[in-house]
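# Geometric and topological summary
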Amino acid sequence: MTQPLNLGIMISGRGSNMESILAAAESPEYPAKPVLVLSNRTDSLGLLKARERGIATMAIDHKPFGKDREAFERHLDAALRDAGVDIIALAGFMRILTPWFVDRWAGRLVNIHPSLLPKYKGLHTHQRAIDAGDQQGGCSVHWVSAEVDAGSVIQKARVPIAPEDTAEQLAAKVLVKEHALYPVALAKACQQILKNKPKNKKRPAKSGRP
Ligand code: GRF
């Protein structure tokens, strides 16, 4: 079997999507091996859950960096490279990434968004779908590009919207779909990278600390 890609997962909160990826990655067939879970919040519940599964974790608080997003990202980048990460899954990571970071990880950075992209980029996706009278909501896993929630879609999953659904009820239904979709779409992204990877290509060099 081809060697799995080293996976970094970036979170900010409860990490339920992270958990579904970690569960899928327990299979020896899965094309990614989690090597680091990184959060921008020291109190993320997801960090505890990852540690319970024996995965290395790190918290890098964005607040001391103030408006200097790139300085914060240089620390993220160094941690990911030091862990030998090949592909990053953003799973509820609530910081917008600058073009500097996105460029450095171009073609190796995926995200899950709780809408049927290209509809409802940004926040409050479920309420916006309800307000628009949509019959369906859902979620999308996509490659990350410099423009927020605009990279090419890898795979989507749909749920019907009932007339009585509140945004919270719709979010709960979509979340169930997210947990099923993300591991599958991430595996697809890994296969695409592995297919294009030249044989004997070395992993990216470890960075010096910023
Ligand atoms: C999910 O709805 C995801 O689509 C969005 O943020 C939420 C994260 O939830 N980007 P969790 O931390 O994975 O439970």
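My aim in this report is to walk through the structure given alongside it, one point at a time.

Reading the values: rules and limits
Residues numbered from 1 in each chain as written. Predicted model: local features only at pLDDT ≥ 70, side-chain atom pairs only at ≥ 80, totals over all residues. Heavy atoms only, no water. Near = heavy atom within 4 Å. Polar contact = N/O pair within 3.5 Å; in protein donor to acceptor, adjacent residues only side chain to side chain. Areas by Shrake-Rupley, 256 points an atom, 1.4 Å probe, with all protein chains shown as cover. Axes fitted to C-alpha atoms, helices over the stretch in contact; angles between N-to-C directions. Helix = DSSP H or I, 4+ residues; strand = E, 2+ residues; numbered from the N terminus. Parallel < 35°, antiparallel > 145°, perpendicular 65-115°, else oblique. Left-handed = near helix turned anticlockwise from the far one by under 90°. Contact = heavy atoms within 4.5 Å. Nonpolar A, V, L, I, M, F, W, Y, C, P; charged D, E, K, R; others polar. Pairing = 2+ DSSP bridges. Salt bridge = Lys/Arg side-chain N within 4 Å of Asp/Glu carboxyl O. Buried < 20%, exposed > 50% of the residue type's maximum accessible area, 1.4 Å probe, protein only. 1 Å grid on protein atoms, 1.4 Å probe; cavity = no way out; pocket = protein on both sides within 12 Å on 5 of 7 lines; lining within 4 Å. Points joined across faces, edges and corners; volume = space filled by probe spheres on them.

Surrounding the ligand, one finds Arg14, Gly15, Ser16, Asn17, Gly92, Ile112, Pro114 and Glu178. At a separation of 2.8 Å, an oxygen atom of the ligand approaches a polar backbone atom of Asn17. A distance of 2.6 Å separates an oxygen atom of the ligand from a polar side-chain atom of Glu178. Protein burial of the ligand: of its 370 Å² of free accessible surface, 84% is covered by the chains.

Let us look at the packing of helix α1 (residues 16–24) against helix α2 (residues 45–52). Interaxial distance between α1 and α2 falls to 9 Å at its minimum, and their mutual angle equals 15°. The orientation of α1 with respect to α2, classified from their angle, is roughly parallel. Crossing geometry of α1 relative to α2 is assigned as right-handed. Where α1 abuts α2, its residues Met18, Glu19 and Leu22 lie against Gly46, Lys49 and Ala50. Residues of the contact of α1 with α2, tallied by class, amount to three nonpolar, one polar and two charged.

Turning to the sheet that holds strand β3 (residues 57–59), a few remarks are in order. Strand order across the open sheet formed by seven strands is β3-β2-β1-β4-β5-β6-β7, with mixed pairing between neighbours. On the outer flanks of this sheet lie β3 and β7 (153–160), each paired with one strand and no other. Neighbour-to-neighbour, the strand axes of the sheet open up by a mean angle of 20°, direction not taken into account. Of the strand pairs in this sheet, strand β1 (residues 5–11) and strand β4 (residues 87–90) are connected by four bridges, and their pairing is parallel. Of the residues in β4, the one forming a bridge with Met10 is Leu90. Relative to the sheet, α1 contacts β1, β2 (32–39), β4 and β5 (109–113), its axis offset from that of β1 by approximately 160°.

Overall, the coordinates contain nine salt bridges when judged by the stated rule. Between Glu26 and Arg53 there is a salt bridge whose closest N-O contact spans 2.7 Å. Placement of the pair is Glu26 in the loop between α1 and β2 and Arg53 in the loop between α2 and β3, with a sequence separation of 27 residues. A salt bridge links Asp77 to Arg81, with the shortest nitrogen-to-oxygen separation between them at 3.0 Å.

Mapping Arg81 onto the fold places it in helix α3 (residues 69–82). What makes Arg81 buried here is its relative accessible area of 13%. One polar contact links the side chain of Arg81 to the main-chain carbonyl oxygen of Arg104, over a distance of 3.4 Å.

A word on the environment of His113. When you line up the elements, His113 lands in strand β5. For His113 and Val141, which are 28 residues apart along the polypeptide, the C-alpha to C-alpha distance reads 6.4 Å. Not counting residues up to four positions away in its chain, the partners in contact with His113 are Tyr120, Lys121, Gly122, Thr125, Cys139, Ser140, His142 and Asp149.

We now examine the layout of surface pockets. Estimates place the volume of the largest pocket at around 1,000 Å³. The wall of the largest pocket is formed by 38 residues, among which Gly92, Phe93, Met94, Ile112 and Pro114 lie closest to the centre. Elements with a contribution of two residues or more to the lining of the largest pocket: α1, β5, α5 (125–131) and α6 (167–196). The element that contributes the greatest number of residues to the lining of the largest pocket is α6, accounting for six residues. Of the residues that constitute the lining of the largest pocket, the class distribution is 17 nonpolar, 15 polar and six charged.

What follows concerns empty space enclosed by the protein. Sizing a probe to match a water molecule and rolling it over the atoms shows the empty space that remains. By the definition in use, this model includes three cavities of 30 Å³ or more. Approximately 70 Å³ is the volume found for the largest cavity. Around the largest cavity, the lining is made up of 13 residues, and of these Ser115, Leu116, Tyr120, Ala129 and Gly137 lie nearest the centre. Secondary structure elements with two or more residues in the lining of the largest cavity: α5 and β6 (136–143). Residues that form the lining of the largest cavity fall into these classes: five nonpolar, six polar and two charged. For the second largest cavity, the calculated volume is near 50 Å³. Lining the second largest cavity are His62, Phe65, Gly66, Asp68, Arg69, Phe72, Glu73, Arg95, Ile96 and Leu97.

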